[in-house]
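Spelled out, the chains give:
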Amino acid sequence: MTRQPLIYVAILTLLCCGWIVSSRPAVSSGSTVYIALGDSIAAGIGSSLPRERGYSALIRDLISRESGRIVTLENLATPGETVTSFRDDGQLSRFHDLVDRLNRGNTPISAITVSLGGNDMLHVSGRGSTDRQAALDGFTSAYPAVLSDIRSAVGNDIPIIVTNSYDLSSGDSSIVESDAWWIARFNDVIAAGAAASSARVADVSSEFAGHISDYTLAPWDVHPTNAGHQAIAAAVWRALAIDTIAPVVTVTPTLISARRMPTLRFTANDNTGIDDIEIRSSGGTIHGPFQTSTDTWVALVDLGDVTGIVTVTIKASDLAGNTVSRDVTITPPAGTP
């Protein structure tokens, strides 16, 4: 009997276990609803607090901050779900019931996310090409139909975001019939199914490439860490394309320094939060930036032996990928350094 690698045994066991995490507060007439569908990753498994740190909860918070409204998360995701069990074992039916209830109450749906496919692959991991191809064929038949059903239930105006699958092996997808190659084939089906139903793909596969040790609990567990759920949320948020406004950076544009290492202070604000601050200089060395409060940063500019005016560029990015840059000119103190 062929012995499957430990990682696949762990993956199959953990994704198919009976853990069910639900975040389903009562729907308010003054709120919008975000619906999360899929498997254990959508349910938040792997994060330390699934109801708060799973990617679905993070997306709920982002939509709320962006819209300024109360957003209710209806998380129907079921650990161990395959595309077939999603269709046949109740989750799709519960989704239809929920949509009917929301429609009767005139409660708007802000977004829907769908995470499926991981278990379909894991059920045949370590098996031969015949079994894997059969699983791929079944997924190719069922997945687009499921997305079409979801789209038909909510109409064309509600954004649907699907996630693709990451590669725990960090392999080369160009090597035919490698694990990475099979994952890429399933991801091709996800992309095609999304396009056919006017859904968008959150490219989790690219987001996790090179970060498997940081973003997952591998080799003992397939699920994302807190950092992994944050990365999935970032990919979903970019795909949603709701947030189109760049951060605001406020800084004094000119500085005449009396020291060779002046302190540069600035603020950066964004309604969904600052994701990254990058500082570059035309001369000298930058130390920092260091965050001193929610929206305030400082950096030290070591001018060394620079004699001419130095331009420092501050670049701020939010989670949606919107960026803004501001330049500061620094005049070093007079005289020989």
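Scroll up to find the structure this text is about.
Residues numbered from 1 in each chain as written. Predicted model: local features only at pLDDT ≥ 70, side-chain atom pairs only at ≥ 80, totals over all residues. Heavy atoms only, no water.

(A) Layout of the packing of helix H3 (residues 55-67) against helix H11 (residues 226-240). The N-to-C vectors of H3 and H11 enclose an angle of 45°; their axes lie 8 Å apart at closest approach. In terms of axis orientation, H3 runs oblique to H11. The hand of the H3/H11 crossing is right-handed. Where H3 abuts H11, its residues Tyr-55, Leu-58, Ile-59, Leu-62, Ile-63 and Glu-66 lie against His-229, Gln-230, Ile-232, Ala-233, Val-236, Trp-237 and Leu-240. (Axes fitted to C-alpha atoms, helices over the stretch in contact; angles between N-to-C directions. Helix = DSSP H or I, 4+ residues; strand = E, 2+ residues; numbered from the N terminus. Parallel < 35°, antiparallel > 145°, perpendicular 65-115°, else oblique. Left-handed = near helix turned anticlockwise from the far one by under 90°. Contact = heavy atoms within 4.5 Å.)

(B) Up close: the side chain of Ser-257. Relative to the helices and strands, Ser-257 resides in the loop between strand E7 (254-256) and strand E8 (263-269). A relative accessible area of 7% means that Ser-257 is categorised as buried. Polar contacts involving the side chain of Ser-257 include one to the main-chain carbonyl oxygen of Arg-259, which spans 2.6 Å. Setting aside anything within four residues of it in sequence, one finds Ser-257 in contact with Pro-262, Ile-330, Thr-331, Pro-332 and Pro-333. (Buried < 20%, exposed > 50% of the residue type's maximum accessible area, 1.4 Å probe, protein only. Polar contact = N/O pair within 3.5 Å; in protein donor to acceptor, adjacent residues only side chain to side chain.)

(C) Region of interest: the environment of Asp-39. Within the secondary structure, Asp-39 is located in the loop between strand E1 (32-38) and helix H2 (50-53). For Asp-39, a relative accessible area of 5% puts it in the buried group. Sequence separation between Asp-39 and Gly-118 is 79 residues, and the spatial gap between their C-alpha atoms is 8.2 Å. A polar atom in the side chain of Asp-39 sits 3.2 Å from the backbone nitrogen of Ile-41.

(D) The pairing of strand E2 (residues 71-75), seen in detail. Of all five residues in E2, five are buried; the element is thus mostly enclosed. One ladder, built from five bridges, connects E1 with E2; its direction is parallel. Bridge pairing in E2 links Tyr-34 to Leu-73. (Pairing = 2+ DSSP bridges.)

(E) The arrangement of unusual backbone geometry in detail. Note the cis peptide between Ala-218 and Pro-219, where omega equals 10°. Of the consecutive residues Gly-288 and Pro-289, the connecting peptide bond is found in the cis state with omega at 10°. One non-glycine residue, Ser-170, lies in the positive phi region at around 50°. Position of Ser-170 relative to the elements: it lies in the loop between strand E4 (160-163) and helix H8 (179-196). The residue Ser-198 is not glycine, and still its phi comes out positive at about 55°. Here Ser-198 lies in the loop between H8 and strand E5 (200-202).

(F) Spotlight on the nonpolar core. Counting 37 residues, the largest nonpolar core has Ile-35, Phe-95, Ile-112 and Ile-150 as its most contacted members. With nine residues, helix H7 (residues 129-154) is the largest single contributor of residues to this core. Membership of the second largest hydrophobic core comes to 34 residues, among which are Ala-43, Leu-168, Val-236 and Leu-240. (Core = buried A, V, L, I, M, F, W, Y, C linked by side-chain atoms within 4.5 Å.)

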